[in-house]
Amino acid sequence: MPVTPSALVCWIGRTDLEAANGNTKVGLGPIAQAIDALPFDEVHLMSNFQKAETVAFVSWIKARTKARVATHNRKLSGPTEFGEIYEAVVSVISEVRDTGKKAIDLTFHLSPGTPAMAAVWILLAKTKFPAQLIESSQAAGVRKVIIPFAIAADFLPDLLRQPDQELERLMQGMSPAAPEFGAIVHRSTAMKRVVAKARRVAPRSVSVLLEGESGTGKELFARAIHRASPRRERTFIVVNCGAIPSEMVEAELFGYEKGAFTGAVTSRVGYFEAADKGTLFLDEIGELPRPAQVKLLRVLQEGEVTRLGSTQPRTIDVRIISATNRNLAAEVGNGGFREDLFYRLAVAVIQLPPLRDRSGDLGLLVDSLLSVINTESRNEPGFVEKKLSAGARNLLVRHSWPGNVRELMNTLRRAAVWTAGATISEEDVRDALLPSNARDGNSYQPPGRSIEEGIDLPRLLGEISARYIRDAMAVAQDNKSKAAKLLGLSNYQTLNNWMKKYGVRS
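Summarised in this report is the structure supplied together with it. Since this is a predicted model, take the numbers as computed values, not measurements.

What counts and how
Within every chain, residues take consecutive numbers counted from 1 along the sequence as written. With the structure being a predicted model, the display of local features is reserved for residues of pLDDT at least 70 and the display and counting of side-chain atom pairs for 80 or more, all residues being used for whole-chain, interface and lining totals. To obtain the side-chain values, all non-hydrogen atoms of the structure were used and water was disregarded. Per the convention used, a helix needs a DSSP run of H or I reaching at least four residues, while a strand needs a run of E reaching at least two, with both numbered from the N terminus. Any residue under 20% of the maximum accessible area for its type is buried, any over 50% is exposed, and the rest in between are partly exposed; the area is computed with a 1.4 Å probe on protein chains only. We call two residues in contact whenever any of their non-hydrogen atoms come within 4.5 Å of each other. Accessible surface area values rest on a Shrake-Rupley calculation with a 1.4 Å probe, where residue burial reflects the displayed protein chains alone. Residue types Ala, Val, Leu, Ile, Met, Phe, Trp, Tyr and Cys, when buried and joined through side-chain atoms within 4.5 Å, form a set referred to as a nonpolar core. Only protein atoms enter the 1 Å grid used here. Points where a 1.4 Å probe fits but cannot escape make up a cavity, open sets with protein on both sides within 12 Å along at least five of seven lines make up a pocket, and a residue lines them when an atom lies within 4 Å of a point. Grid points are joined across faces, edges and corners, and a volume is the space filled by probe spheres set on the points. Gly is placed with the polar residues, together with every amino acid not listed as nonpolar (Ala, Val, Leu, Ile, Met, Phe, Trp, Tyr, Cys and Pro) or charged (Asp, Glu, Lys and Arg). What a helix is expected to span follows from its residue count: subtract one and scale by 1.5 Å. The pairing criterion is simple: DSSP has to find at least two bridges between the two strands. Axis definition: a line fit to C-alpha positions, over the contact stretch in the case of helices; interaxial angles, taken between N-to-C directions, run 0 to 180 degrees. Note on aromatic contacts: the rings of Phe and Tyr and the six-membered ring of Trp form a pair at centre separations within 6.5 Å, being stacked when their planes are under 30 degrees apart, edge-to-face when over 60 apart, and tilted otherwise. The criterion is that NZ of a Lys, or CZ of an Arg, lies within 6 Å of the ring centre and within 35 degrees of the ring normal, and then a charge sits over that ring.

Concerning the overall build of the chain
Part 1 of the argument: If you tally the helices and strands in the chain, you get 22 helices and 15 strands.
Part 2 of the argument: Relative to its full complement of 506 residues, the chain shows a buried share of 46%.
Part 3 of the argument: At a minimum sequence separation of 6, the contacts of the chain that also span at least 24 residues come to 71%.
Part 4 of the argument: Total accessible area on the chain is roughly 25,700 Å²; 51% of this is exposed by carbon and sulfur atoms.

Following this line, the structure appears as structure tokens:
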């Protein structure tokens, strides 16, 4: 009967590094103690340390064991970030189990790393990935840890309720809750951070730049910031900079006098004057032509606007919230956007995460948006309130949503239309999903300019690669080995390298 291979999986801790560097006060360190005391066929070491430190430690460990030693570098924003730790550990264990073995005996080491890391090992050992737990110390050596499930069920919630210190810091001094912030459906850590930042900046009159992919809710955030500000009773005006013809941008933004140009039969107030004492939301600010950028900068610097055809400046008091689906800092670097204007607009920069990075939010959004659709459709002829079948919900949750919340909302609307009865089926959702070549950003799109004008080929290749990597991960349900096969890559390690290169989060 074949013997099931055994694997030790753990984080590298600071004590382990000190032991490898010859600090005799710490002894061998938890990891070396474990591999000396217990037989393992494989040792999988997770590291959040610098590459040089990790490589030196792994070399030291390899000299102590005949087991196959693998390194899994996982960058964390902090060693106590529970959500990030959980995602990193799940991805590594999935890789360990996807190496072609029929079964593998897992052992998780609780001693190296932080209490948050230990909590994750306990959680996974008792739920998703049954495993043996061990701990070690200089005094007691290596021993197995027995935690009955009932104790884990009581113990873990307390660990999970430990405050996110950074989030708590952000929430200090924020504005009172506004109704619009309540309308931002979320429970993920990523969105909690974004909402906390938005609420904190709301009562201040500084300019805010919202960056994020199309469909991530930039206008919703802009309205929420306005409603939570002292200007809440004043005007909130939305301007889509990309929808204004280039020759009309100045007239629309700053206004004009009668006779200022052909067709100007009356004087007209521009958006800046109309938003006086209120908030002006400049959506797609990256589309603004360079000449208009110069005049916009002057308006922001002087606090005055001069209509076309006039020499009389008018004093204005307008808060600017701008938004873009571009990387404006990169646009500044390649000359597409004025640096001085960027720094005027980007006093407070808030990055809205795409839906694929909002772990735990998708199910909430599906229910919330379907409820909105049911409410909106209630008075339509023959309306039947819709609910989702299990298959339909699973298909929605597995989809990558390159168009983010907007694509999700429109898909649910179409599915509701195609469904004659009360239950939206999996087939109804499949019919409602747009073909891949029609989805926003889901497949290759021409650069939109001729080769004579010049194109940024490395950037385009990077965008295309990132999109297909995300699609493959969604289809493979985050199984990296399967995703690598779909992409024609040799193995999951190669996929990991590509994901790091193109900034795709696992």
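Some details on the nonpolar core
Part 1 of the argument: Leu253, Phe272, Leu280, Leu282, Ile285, Leu288 and Phe337 are the most contacted members of the largest nonpolar core, which totals 29 residues.
Part 2 of the argument: Elements represented by at least two residues in this core include exactly strand S8 (236–240), helix H11 (249–254), strand S9 (279–283), helix H13 (290–302), helix H14 (328–333) and helix H15 (339–345).
Part 3 of the argument: Residue contributions to this core peak at 4 residues, all from H13.
Part 4 of the argument: Those residues in contact with Phe337 that lie beyond four places of it in its chain are Ile285, Gly286, Arg290, Gln293, Leu328, Glu331, Val332, Phe342 and Leu345.
Part 5 of the argument: In this structure, Ala7, Val92, Leu106 and Ala125 belong to the second largest nonpolar core, which totals 27 residues.

Brief notes about the layout of surface pockets
In this approach the atoms are scanned with a rolling probe the size of a water molecule, which exposes any empty space left behind.
Part 1 of the argument: Estimated volume of the second largest pocket: approximately 540 Å³.
Part 2 of the argument: Forming the walls of the second largest pocket are 22 residues, and the residues nearest its centre are Gly215, Thr216, Gly217, Leu220 and Val405.
Part 3 of the argument: Elements with a minimum of two residues in the lining of the second largest pocket: helix H10 (218–227), helix H16 (362–377) and helix H18 (404–418).
Part 4 of the argument: Along the lines of polarity and charge, the residues of the lining of the second largest pocket split into 10 nonpolar, 5 polar and 7 charged.

So, helix H4 (residues 82–97)
Part 1 of the argument: End to end, H4 covers 22 Å across 16 residues, agreeing with the expected 22 Å (1.5 Å per residue, within 8%).
Part 2 of the argument: By the burial criterion, the buried members of H4 are Ile85, Ala88, Val89, Val90, Ser91, Val92, Ile93, Glu95 and Val96.

Brief notes about the sheet that holds strand S4 (residues 105–109)
Part 1 of the argument: Taken in spatial order, the 6 strands of this open sheet run S3-S2-S1-S4-S5-S6, and their pairing is mixed. Two strands lie at the open edges of the sheet, namely strand S3 (68–73) and strand S6 (141–145), each paired on one side alone. Pairs of neighbouring strands in the sheet enclose a mean axial angle of 25 degrees, with direction left out of account.
Part 2 of the argument: Relative to S3, strand S2 (residues 42–47) runs parallel, the two sharing 6 bridges. Each residue of the ladder has a partner; that of Met46, found in S3, is His72.

Some remarks on the sheet that holds S9
Part 1 of the argument: With parallel pairing, 5 strands are arranged side by side in an open sheet as S8-S9-S12-S7-S13. Where the open sheet ends on each side, the last strands, each with one partner, are S8 and strand S13 (348–351). Across the sheet, the axes of successive neighbouring strands diverge by a mean angle of 20 degrees, strand direction being ignored.
Part 2 of the argument: Pairing of strand S7 (residues 208–211) with S13 involves 4 bridges; the strand directions are parallel. The partner of Glu211 across the bridge, within S13, is Gln351.
Part 3 of the argument: Lying on the sheet, H10 is in contact with S7, S8, S9 and strand S12 (319–324); it crosses S7 at an angle near 155 degrees.

A closer look at the pairing of S7
For a regular strand, side chains alternate in direction, first toward one face of the sheet and then toward the other.
Part 1 of the argument: Taking every second residue as pointing to the same face, both faces of S7 are buried, with Val208 and Leu210 on one and Leu209 and Glu211 on the other.
Part 2 of the argument: Here S7 runs beside S12; their pairing, made up of 4 bridges, is parallel. Bridging from a neighbouring strand, Glu211 pairs with Thr324 of S12.

Some remarks on the packing of aromatic side chains
Part 1 of the argument: Under the defined criterion, the tally for this structure stands at 7 aromatic pairs.
Part 2 of the argument: Residues Tyr256 and Phe261 carry aromatic rings whose centres are separated by 4.9 Å and whose planes lie at 65 degrees to one another, so their mutual orientation is edge-to-face.
Part 3 of the argument: Assessed through its relative accessible area of 28%, Phe261 is described here as partly exposed.
Part 4 of the argument: The positively charged end of Arg64 is found above the aromatic ring belonging to Trp60, 5.2 Å away from the centroid.

What is shown is where atoms sit, not what they do.
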